[in-house]
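Chain by chain, the residues:
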Amino acid sequence: MPEEEISRIVELNEDLIQDNDKLAAQNNQILKENGIKSFDVVGAIGAGKTAILELMCEKLSKDNRILVINGDVATRVDADRIEQHGAKTIQINTGRECALNSYHISQIIKNTDLSDYDVLFIENVGNLICPSDFILGAQKRIVVVSITEGPWVIRKHPILFKFSDIAIINKIDLKDYLDVDIDEMINDAKNINPNLQIFTTSAKTGENVAELIQALEI
Ligand code: MG
């Protein structure tokens, strides 16, 4: 590919990201004006995003009206699971796109009566790379990894950790079976972002999930 062609593509991508950021700021403003607490949950496939959201919704739906937007390439498996726990869900199938973007969220905001909700969770498409480029406008970003993803998973994805507010290291119930130093993973996360609130959880046993939910300040 000629060099000028390559630089044109880079420019286009940057335009796209800038537009995304503008729309994300708008989303953030609208959600705030409507008194909705909003969280964007990112992480790889199988990290436990849906399982954690099920536990959060189960607890928080007793006193809050919750909407969950589920991003997925093709299915509504996650949305169906979460609906069993007291939340309303909207599924977005992104097809070839590997992350939600702020336009997806703005369309939902436009077509939803926001006065029906107190809390919004957005479960992004499962992967640790694409969501780095697209903020959505939620107040806080939660990144979920599991210890099954290997000891270097945090170190290898610094951007997501840099721009997240809460980090969850999940599946700690498996620690005796894996050669992973959880303290070292915590240190990696702190080194990337000293302001991160970090929780080591097991969605399976529920360990530390109450503390995590408390940190959402809902
Ligand atoms: Mg999921």
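The sections below set out a description of the structure shown in this document. (Residues numbered from 1 in each chain as written. Predicted model: local features only at pLDDT ≥ 70, side-chain atom pairs only at ≥ 80, totals over all residues. Heavy atoms only, no water.)

Looking at the overall build of the chain
Within the chain, the secondary structure is distributed over seven helices and seven strands. Along the chain, helices and strands appear, N-terminal first, in the series α-β-α-β-α-β-α-β-β-α-β-α-β-α. For 218 residues, the compact-globule formula gives about 17 Å, and the C-alpha radius of gyration of the chain, at 17 Å, lands near that figure. Projected onto its principal axes, the C-alpha positions of the chain cover 55 × 45 × 30 Å. Of all 218 residues assigned to the chain, the portion counted as buried reaches 48%. The long-range share in the chain, meaning contacts at least 24 apart out of those at least 6 apart in sequence, stands at 72%. (Helix = DSSP H or I, 4+ residues; strand = E, 2+ residues; numbered from the N terminus. Rg over C-alpha atoms; globule rule 2.2 N^0.38 Å. Buried < 20%, exposed > 50% of the residue type's maximum accessible area, 1.4 Å probe, protein only. Contact = heavy atoms within 4.5 Å.)

Here we look at the pairing of strand β6 (residues 166-170)
By the criterion of burial, β6 is predominantly enclosed, with five of the five residues buried. Alternating positions in β6 separate into two faces, Ile 166, Ile 168 and Asn 170 on one and Ala 167 and Ile 169 on the other, with burial throughout. Bridge analysis of β6 against strand β7 (residues 197-200) gives four bridges, and the strand direction is parallel. Counterpart to Ala 167 in the pairing with β7 is Ile 198. On the question of chirality, the crossover connecting β6 to the parallel β7 by way of helix α6 (residues 182-192) is right-handed. (Pairing = 2+ DSSP bridges. Right-handed = clockwise from strand over helix to strand, strands pointing away.)

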